[in-house]
Amino acid sequence: MKQITVEQTEAGQRLDKLLSRYLKEAPRSFLYKMLRKKNITLNRKKADGSEKVQAGDEICIFLSQETYEKFAGVPEEKKAAVYPVTALDILYEDAHVILINKPVGMLTQKAKPSDVSLNEYLLGYLEQQRGKEKAAPNGAVQVNYAFRPSVCNRLDRNTSGIVICGKSVAGLRKMSELLRERTMHKYYQCLVAGQVRNEQSIQGYLEKDPKTNKVRIQNCEGEETAYIETKYRPLQVFSDSTLLEVCLITGRSHQIRAHLASEGHPIIGDYKYGSQKINETYKKRYGLHSQLLHAGRLEMPVLEAPFEALSGQIFQAEPPVLMRKILKACADEGRMG
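In this report, we go over the structure that sits alongside the text. For clarity, every value in this text was computed on a predicted model and none was experimentally measured.

**Quick notes on the packing of aromatic side chains**
Aromatic rings considered in pairs are described by the distance between their centres and by the relative angle of their planes.
Inference 1: Throughout the structure, instances matching the rule amount to 4 aromatic pairs.
Inference 2: Ring geometry for Phe 30 against Phe 71: centres 4.5 Å apart, planes inclined by 35°, an arrangement best described as tilted. Residue Phe 30 is located in helix α2 (residues 28–36), and its partner Phe 71 is located in helix α3 (residues 65–72); the two are separated by 41 residues in the primary sequence. The same class applies to Phe 30 as to Phe 71, namely buried.
Inference 3: Positioned above the aromatic ring of Tyr 187, the side-chain terminus of Arg 297 is 4.0 Å from the ring centre.

**A word on α3**
Inference 1: Of all the residues in α3, the buried ones are Tyr 68, Phe 71 and Ala 72. Looking straight down α3, one finds its buried side chains confined to an arc of 105°; they lie on one side. The exposed set on the far side of α3, more than 90 degrees from its buried face, consists of Glu 66 and Lys 70.
Inference 2: Buried residues along α3 sit in contact with β1 (2–5), α1 (15–22), α2 and β3 (58–61).
Inference 3: Looking one or two residues past α3, Gly 73 carries a phi angle of roughly 95°, positive in sign.

**Thoughts on the nonpolar core**
Inference 1: Ranked by size, the top nonpolar core spans 27 residues in total, and within it Tyr 188, Cys 190, Leu 244, Val 246, Ile 256 and Leu 260 carry the most contacts.
Inference 2: Of all the elements in the fold, those that place two or more residues in this core are β5 (97–102), α4 (118–132), β7 (160–166), β8 (185–193), β12 (241–248), α6 (255–262) and β13 (293–299).
Inference 3: Looking at which element gives the most residues to this core, the answer is α4, with 5 residues.
Inference 4: Leaving out residues up to four positions away in the same chain, Cys 190 has contacts with Thr 242, Leu 243, Leu 244, Val 246, Leu 260, Ile 267, Leu 292, Leu 293 and Met 323.
Inference 5: Listed in part, the 22 residues of the second largest apolar core include Val 6, Phe 30, Leu 63 and Ala 72.

Calculation rules
- Residues numbered from 1 in each chain as written.
- Predicted model: local features only at pLDDT ≥ 70, side-chain atom pairs only at ≥ 80, totals over all residues.
- Heavy atoms only, no water.
- Phe/Tyr/Trp six-rings, centres within 6.5 Å; stacked < 30°, edge-to-face > 60°.
- Helix = DSSP H or I, 4+ residues; strand = E, 2+ residues; numbered from the N terminus.
- Buried < 20%, exposed > 50% of the residue type's maximum accessible area, 1.4 Å probe, protein only.
- Lys NZ or Arg CZ within 6 Å of the ring centre and 35° of its normal.
- Arc of directions from axis to C-beta.
- Contact = heavy atoms within 4.5 Å.
- Core = buried A, V, L, I, M, F, W, Y, C linked by side-chain atoms within 4.5 Å.

As C-alpha cells, this is what we get:
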C-alpha cells in the first residue's frame, strides 16, 4: 500500500488529475477502475476522481509495490533531480506565487534540453528553501514530483523584468487565468530611437517567420497573421531618443520590438529589429549588447482568498544597472544641450 499526503502545492486540483501525475503510465480507465473498487481511496473513503483535493488529504493506493512502480514509471529513488542555485531578485513571495526580476541574458524557459533557465533556478531556489524547512508545518513550500512550480509568463532572453511564477497548483492556475483574461496589467519601459511626443495606441497584424525566428507587422489580416494592439506613452524625451512606457493590449512574440520598429522607433540595442548604426553607437559608447526593454511594473486586480495579499497591489522592478546608466547619460546630455 502506498500512502500519499497532499502537499499545499498540490491543493485545488482534481483527484484524478493528481493520480495521473503520480501514476503517469497508468491509463485513465485503470485509475477509475481502481477508484470504483476502492483500491484507491481519499481520506479512507471511496472517491470517483472528481473531488478537489486539499492540503493534508490522504490518498491510499492499494497496489503491490511492483505494480505501483510499473505505473509510476520511474522508481522513487531515481526521481531526485538537482537544480542549479543562483541569487534571484525576488520581489514578492507567498505560499502560491513568486515574482522575480529576471536579469538580461537569462532564458525564462528552456529552448533545448541542455539549457538552464529561470525555471530551473526557481526550482533550485525552492529546493534550497525546502532543505531549510524540513521541520516546518504542513503549509511549508515543498518541491515534489507530482507538481513542479513554474513560470507563468515569458520574456525574451535579453528582456529584463518581472516574471510571474506559480508555486502551487492554485497559484499557477490563478496567475495563468489573470494573464489569459488580461485583468493583470503589465507595463514595460524601453528606450527607442527618435523623439515621441504623444501617447499612441497602434494596431496591426503580426506574421511569424519560423525560419528566421522573426516576425513581420502587416497592415491587413492574412491567413498566417494575428491581430496585435500596443499602447505607449512618452516618459522622457531626449535629444534623439525617447523613454517609453508600453502596455500590451495583446501579447504576441516580439510584439513590442517589432511593432515599435514598424513605427520608425526601434528599441535601442535591438539587433533583430533595430538600427544597426544606432546600436553600434551605443555598443561603442556604453558596451550595450541587448535591447533596452524592461518589464518594470505589474498591477494586480482585486483578488479573493487565498490571493488577498496580492489584491490591488502594484509591483515595481528596478531596471538593469546599464539601462539606468544610459538613461541618466541621455538626461544629462539633454540638460547640457
